[in-house]
Amino acid sequence: MQSQHELLRPDEQATLVLRRLYERYGYKKFRMNRFEEYDFYAVNRDFLANGQIITFTGLDGKLMALRPDVTLSIVKKTQADAGAADRLYYTEPVYRPCKHASAYRESFQVGVEHIGEITPYASVEVVSLAARSLSLIEADCVLDISHTGYVEGLLAGLPMDDLTRRAVRRCIEEKNAHELRLAVADTLSGEEAARLAAVAQLSGPFPQALPEARALASGEMMLAAIAELETLYAAMAASGEAGPLRLDFSITSDAKYYSGLMLRGYIRGVPSAVLSGGRYDPLLRRMGKPGLSAMGFAIYFDELARFLSAEADTAVETVVLYKPDADPAAVTRMVHSRVARGERVWAGTALPKGLTWSRVLEVNGHA
């Protein structure tokens, strides 16, 4: 007989497994309302991936909004301080525009937030939880790691105006070395342009990419970023968790909100990132919580749920075949007996199309 866990949908099973992982590391479940006052999101609109927000008028006449982001709500409500961190996880819906349609949709997220003081160990712990989360969902996974200090330090010492700087950032994000060289052709020397192009193309497993990144680094910000990445990799390698890690500086960020390590997670079978996160100290300062640091990540179940449910949607354990004139009571007894064993059952007069099954049982009996 199947356990209650096995009777859950694959996405529900994944959520339960992730919750158990976070709770084993001392993270507590955070619960929140599905809406906030609109002004709260309006002043932080540029933090949101898409600035569009679903609004409605509350019974008291205030303009309210369905929650487009979880991290903002957690930061608003946190009671953490430098000596007592909030270690939280959540399983919550958010309400955002669809990527490829002019409509809103409810998307489910599971995430982790560590707010208070981010020590070197705390960074390793969050990255470790991100890597373990991906591997629990799919063994064939990759966790891309970047560091805002590396790219910021790279650009800080170069004589570029804001327009050129934005173009360079875009080229790094797109790993487009050719366009990058064209963007800086009239501004930088050949050596400086070649260094930028090398960073734009720098991506790969840490043992190969990290020495290349160190060789290209200069200045305090870049060297500090490399030192943090080396510490992270050493700790992850020592615990045997470095396999999924890949260095990739194409992950860039808005400096108003993010600083330090940044994460993007991918699994086989899903073309876009299913996990993203990083360190966001500037957001805490912007929201009136100076002196605190924070790091976290979110797993996006809108794409992931379809991946997890693909097999469940096309598979049953048992097919029950019966003649059109079969005794309904006999068919019912057969179907109910298999369902009681925890099996998924399909009953019909012919083998189903588009499904896979483990066994076929025939009902021999007429009404």
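Our structure's up above, just so we're on the same page.
Note that the coordinates shown come from a computational prediction; the quantities given were computed from them, not determined experimentally.

Participant: For the environment of Ser-133, give the residues involved together with the corresponding values.
Facilitator: Relative to the elements of secondary structure, Ser-133 occurs in helix H5 (residues 120-137). Looking at Ser-133, the relative accessible area reads 0%, which means it is buried. Residues contacting Ser-133, with those up to four places away along its chain left out, are Leu-18, Leu-21, Tyr-22, Phe-297 and Ile-299. A distance of 2.7 Å separates the side chain of Ser-133 from the side chain of Tyr-22, its partner in a polar contact.

Participant: Describe in detail the sheet that holds strand E2 (residues 35-37), supporting the description with residues and values.
Facilitator: Spatially, E2-E4-E3 is the arrangement adopted by the three strands of the open sheet, whose pairing is antiparallel. Of all strands in the sheet, those with a lone pairing partner are E2 and strand E3 (55-57), marking the two edges. Strand-to-strand twist of the sheet, defined as the mean angle between neighbouring strand axes without regard to direction, takes the value 35°. As paired elements, E3 and strand E4 (residues 63-66) share three bridges and run antiparallel to each other. The residue bridging Thr-57 from the neighbouring strand is Leu-63, located in E4.

Participant: Could you give me a rundown of the pattern of salt bridges, with the residues and numbers involved?
Facilitator: Taken as a whole, this structure holds 16 salt bridges when the rule is applied. With a shortest N-O distance of 3.3 Å, Lys-62 and Glu-37 are connected by a salt bridge. Here Glu-37 lies in strand E2 and Lys-62 lies in the loop between E3 and E4, a separation of 25 residues in the sequence. Glu-37 sits in the partly exposed class, given a relative accessible area of 37%. For the salt bridge of Arg-279 with Asp-281, the shortest nitrogen-to-oxygen distance reads 3.0 Å. We note that Arg-279, like Asp-281, is buried.

Participant: Can you tell me about the packing of aromatic side chains, naming the residues and giving the values?
Facilitator: Throughout the structure, instances matching the rule amount to seven aromatic pairs. On the numbers, 5.9 Å between centres and 50° between planes, the contact of Tyr-22 with Tyr-89 is tilted. Of this pair, Tyr-22 sits in helix H2 (residues 10-24) while Tyr-89 sits in strand E5 (residues 86-97); the two residues are 67 residues apart in sequence, bridging distant segments of the chain. Classification of Tyr-89 as buried rests on a relative accessible area of 0%. The interplanar angle of 20° and the centroid separation of 5.4 Å between the aromatic rings of Phe-206 and Tyr-233 together place this pair among those described as stacked. Pair noted here: Phe-206 is in helix H10 (residues 206-216) and Tyr-233 is in helix H11 (residues 220-238), with a separation of 27 residues, a long-range link. Judged by its relative accessible area of 1%, Phe-206 falls in the buried class.

Participant: Any chance you could break down a nonpolar patch on the surface for me, citing the residues and the numbers?
Facilitator: On the surface, a nonpolar cluster with roughly 250 Å² of combined accessible area is contributed by Leu-351, Trp-357 and Val-360. Inspection of the secondary structure puts Val-360 in strand E15 (residues 359-363).

Participant: Which residues make up the sheet that holds E15, and what values go with them?
Facilitator: Read from one edge of the open sheet, three strands run E14-E13-E15, paired in parallel fashion. Of all strands in the sheet, those bounded by a partner on one side alone are strand E14 (345-348) and E15. The sheet shows a mean angle of 20° between the axes of neighbouring strands, direction not considered. Here strand E13 (residues 318-322) runs beside E14; their pairing, made up of four bridges, is parallel. By the bridge assignment, Val-320 is partnered in E14 with Ala-347. Its contacts with the sheet put helix H14 (residues 328-340) on E13, E14 and E15, and the angle it makes with E15 is roughly 150°.

Participant: A description of the side chain of Ser-293 should follow, citing residues and the corresponding values.
Facilitator: Note on placement: Ser-293 falls in strand E12 (residues 293-300). Of the polar contacts made by the side chain of Ser-293, one reaches the side chain of Arg-279; its length is 3.2 Å. A polar contact of 3.3 Å, which involves the side chain of Ser-293, links it to the side chain of Asp-281. Ignoring any residue separated from it by four or fewer positions in sequence, one finds Ser-293 in contact with His-114, Ile-115, Gly-116, Glu-117, Ile-118, Arg-279, Asp-281 and Leu-284.

Participant: Please provide a residue-by-residue account of the nonpolar core, values included.
Facilitator: Core analysis: the largest hydrophobic core is formed by 65 residues, its most contacted members being Tyr-22, Val-127, Leu-143, Ile-145 and Phe-297. Examining the composition of this core, we find that nine residues originate from one element, H5, more than from any other.

Participant: Lay out H11 with the relevant residues and their values.
Facilitator: With 19 residues, H11 extends 27 Å between its outermost C-alpha atoms, agreeing within 8% with the 27 Å of an ideal straight helix rising 1.5 Å per residue. Within two residues after H11, Gly-240 carries a phi angle of roughly 75°, on the positive side.

Scoring rules and cut-offs
Residues numbered from 1 in each chain as written. Predicted model: local features only at pLDDT ≥ 70, side-chain atom pairs only at ≥ 80, totals over all residues. Heavy atoms only, no water. Helix = DSSP H or I, 4+ residues; strand = E, 2+ residues; numbered from the N terminus. Buried < 20%, exposed > 50% of the residue type's maximum accessible area, 1.4 Å probe, protein only. Contact = heavy atoms within 4.5 Å. Polar contact = N/O pair within 3.5 Å; in protein donor to acceptor, adjacent residues only side chain to side chain. Pairing = 2+ DSSP bridges. Axes fitted to C-alpha atoms, helices over the stretch in contact; angles between N-to-C directions. Salt bridge = Lys/Arg side-chain N within 4 Å of Asp/Glu carboxyl O. Phe/Tyr/Trp six-rings, centres within 6.5 Å; stacked < 30°, edge-to-face > 60°. Patch = residues over 30% accessible without salt bridge, like charges linked within 9 Å, V, L, I, M, F, W, Y side chains within 5 Å. Areas by Shrake-Rupley, 256 points an atom, 1.4 Å probe, with all protein chains shown as cover. Core = buried A, V, L, I, M, F, W, Y, C linked by side-chain atoms within 4.5 Å. Expected span 1.5 Å × (residues − 1).

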